[in-house]
Amino acid sequence: MSDSVAERLQHVRSELPEEVTLVAVSKTHGEEKIMAAYDAGQRVFGENKVQEMLDKYESLPKDIEWHLIGHLQTNKVKYIVSFVSLIHAVDKEKLFQEIEKRAGMADRQVDILLQIHIAEESNKFGFDRDELHAFFAGDTFTKRKHTRVRGMMGMATFTDDRIKVKREFEGLKRLFEEVRTAHFTDDSHFDILSMGMSGDYEAAIAAGSNMVRVGSAIFGERNYR
Ligand SMILES: *Cc1c(COP(=O)(O)O)cnc(C)c1O
């Protein structure tokens, strides 16, 4: 790809309906590229590693909204709780409890998404349907004070089979609506469905996503260090 970050960002934006939030996934990319996107108006960035997000938070403009999109270990919550704007991948009750505790200590309300396991691959994280129902029935959820459940996040199977990907996204959208109806009737803040990445965001949006996490289509290929 020879286009600049600003041009690619513009292109991705032009394909998104207005109500869809773009999280620019900047993991592994340096500050120069992030600032190119920032200068083009992007303010929401996603990282998947705690240390990397912390370093970038410290050296980049303070009006950036940092989303942690990757798997989060319980013992690392404390490093990000004071500034993170959205944690996408809450995949266990234990992690939720730690966020609740640390958010209380930081005297903050922290927004999170529940990660749902929708892919065929077993190495992907997330709640399955039974775990989700148990979670909503339990004290961790009903007694929460500092953690706001804003919605759900999921990752489709990594495959060329478009029908399969479409089915997985549609399944998550149905579950999202089911949960909203069952547990958030008086609460309008359960409103984020984070699904779709560079290779599948169009399918995700068609299925009802309103937040996409797009990395390589904006910043180019990643070189893992
Ligand atoms: C890296 C990553 C993305 C972005 O992937 P691209 O294919 O580069 O768009 C999205 N979501 C999660 C959870 C990721 O780890």
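Residues numbered from 1 in each chain as written. Predicted model: local features only at pLDDT ≥ 70, side-chain atom pairs only at ≥ 80, totals over all residues. Heavy atoms only, no water.

Enquirer: Break down the overall build of the chain for me, citing the residues and quoting the values.
Expert: For the chain, the helix and strand inventory stands at ten helices and eight strands. The globule rule puts the C-alpha radius of gyration for 225 residues at 17 Å, and the 17 Å found for the chain is close to it. On the principal axes, the C-alpha backbone points of the chain span a range of 50 × 45 × 30 Å. Out of the 225 residues in the chain, the part that is buried amounts to 48%. Put simply, 59% of the contacts in the chain that link residues at least 6 apart link residues at least 24 apart. When the accessible surface of the chain is totalled, it reaches about 11300 Å², and 47% of it is carbon and sulfur. Each charge sign in the chain was given a centre, from 32 positive and 38 negative side chains, and these centres are 3 Å apart. (Helix = DSSP H or I, 4+ residues; strand = E, 2+ residues; numbered from the N terminus. Rg over C-alpha atoms; globule rule 2.2 N^0.38 Å. Buried < 20%, exposed > 50% of the residue type's maximum accessible area, 1.4 Å probe, protein only. Contact = heavy atoms within 4.5 Å. Areas by Shrake-Rupley, 256 points an atom, 1.4 Å probe, with all protein chains shown as cover. Lys, Arg positive; Asp, Glu negative; His and termini not counted. Charge placed at Lys NZ, Arg CZ, Asp CG, Glu CD.)

Enquirer: I'd like a description of the packing of helix 6 (residues 129-137) against helix 8 (residues 162-183), backed by residues and values.
Expert: Direction vectors running N to C along helix 6 and helix 8 enclose 20 degrees, while the axes themselves pass 12 Å from each other. With respect to each other, helix 6 and helix 8 are oriented roughly parallel. When the axes of helix 6 and helix 8 are compared, the crossing they make is right-handed. In this structure, helix 6 contributes R129, L132, H133 and F136 to the contact, and helix 8 contributes L175, E178, V179 and H183. A class-by-class count of the residues in the contact of helix 6 with helix 8 yields four nonpolar, two polar and two charged. (Axes fitted to C-alpha atoms, helices over the stretch in contact; angles between N-to-C directions. Parallel < 35°, antiparallel > 145°, perpendicular 65-115°, else oblique. Left-handed = near helix turned anticlockwise from the far one by under 90°. Nonpolar A, V, L, I, M, F, W, Y, C, P; charged D, E, K, R; others polar.)

Enquirer: Lay out the site of the ligand in plain terms, naming residues and giving numbers.
Expert: Inspection of the region around the ligand gives V25, K27, I69, M153, M155, M197, S198, R213, V214, G215, S216 and R222 as its neighbouring residues. A distance of 2.7 Å is found between an oxygen atom of the ligand and a side-chain nitrogen or oxygen belonging to K27. The separation between an oxygen atom of the ligand and a polar main-chain atom of S216 is 2.8 Å. Burial of the ligand by the protein amounts to 90% of the accessible area it has alone, namely 390 Å². Of the pockets mapped on this structure, the ligand occupies the largest pocket. Here the shell around the ligand is composed, by residue class, of six nonpolar, three polar and three charged. (Near = heavy atom within 4 Å. Polar contact = N/O pair within 3.5 Å; in protein donor to acceptor, adjacent residues only side chain to side chain. 1 Å grid on protein atoms, 1.4 Å probe; cavity = no way out; pocket = protein on both sides within 12 Å on 5 of 7 lines; lining within 4 Å. Sits in = over half its atoms within 2 Å of the grid points.)

Enquirer: Describe the pattern of salt bridges, naming the residues involved and giving the relevant values.
Expert: Per the counting criterion, the structure on display carries 16 salt bridges. A cluster of three or more residues bridged by salt bridges with shared partners is formed by D111, R148, R150 and D191. (Salt bridge = Lys/Arg side-chain N within 4 Å of Asp/Glu carboxyl O.)

Enquirer: Could you give an account of the pairing of strand 1 (residues 21-25), with specific residues and numbers?
Expert: With four of five residues buried, strand 1 lies mostly within the body of the structure. Bridge count between strand 1 and strand 8 (residues 211-214): four bridges; the pairing is parallel. Paired with A24 across the two strands is V214, which belongs to strand 8. (Pairing = 2+ DSSP bridges.)

Enquirer: Could you give an account of the layout of surface pockets, with specific residues and numbers?
Expert: When its volume is computed, the largest pocket comes out at roughly 1000 Å³. If you go around the largest pocket, you meet 35 residues; those closest to its centre are F158, M197, S198, G199 and D200. Those elements that provide at least two residues to the lining of the largest pocket are helix 8, helix 9 (201-206) and strand 8. In terms of residue count, helix 9 provides more of the lining of the largest pocket than any other element does, three residues in total. Across the lining of the largest pocket, the residue classes break down as 13 nonpolar, eleven polar and eleven charged. (Points joined across faces, edges and corners; volume = space filled by probe spheres on them.)

Enquirer: A description of the environment of M197 should follow, citing residues and the corresponding values.
Expert: Along the chain, M197 turns up in the loop between strand 7 (192-194) and helix 9. Once the C-alpha coordinates of M197 and L113 are considered, the two residues, 84 residues apart in sequence, prove to be 16 Å apart. In this view, M197 contacts M155, R213 and V214; residues no more than four positions away in its chain are not counted.

No statement about biological role is implied by the geometric values presented.
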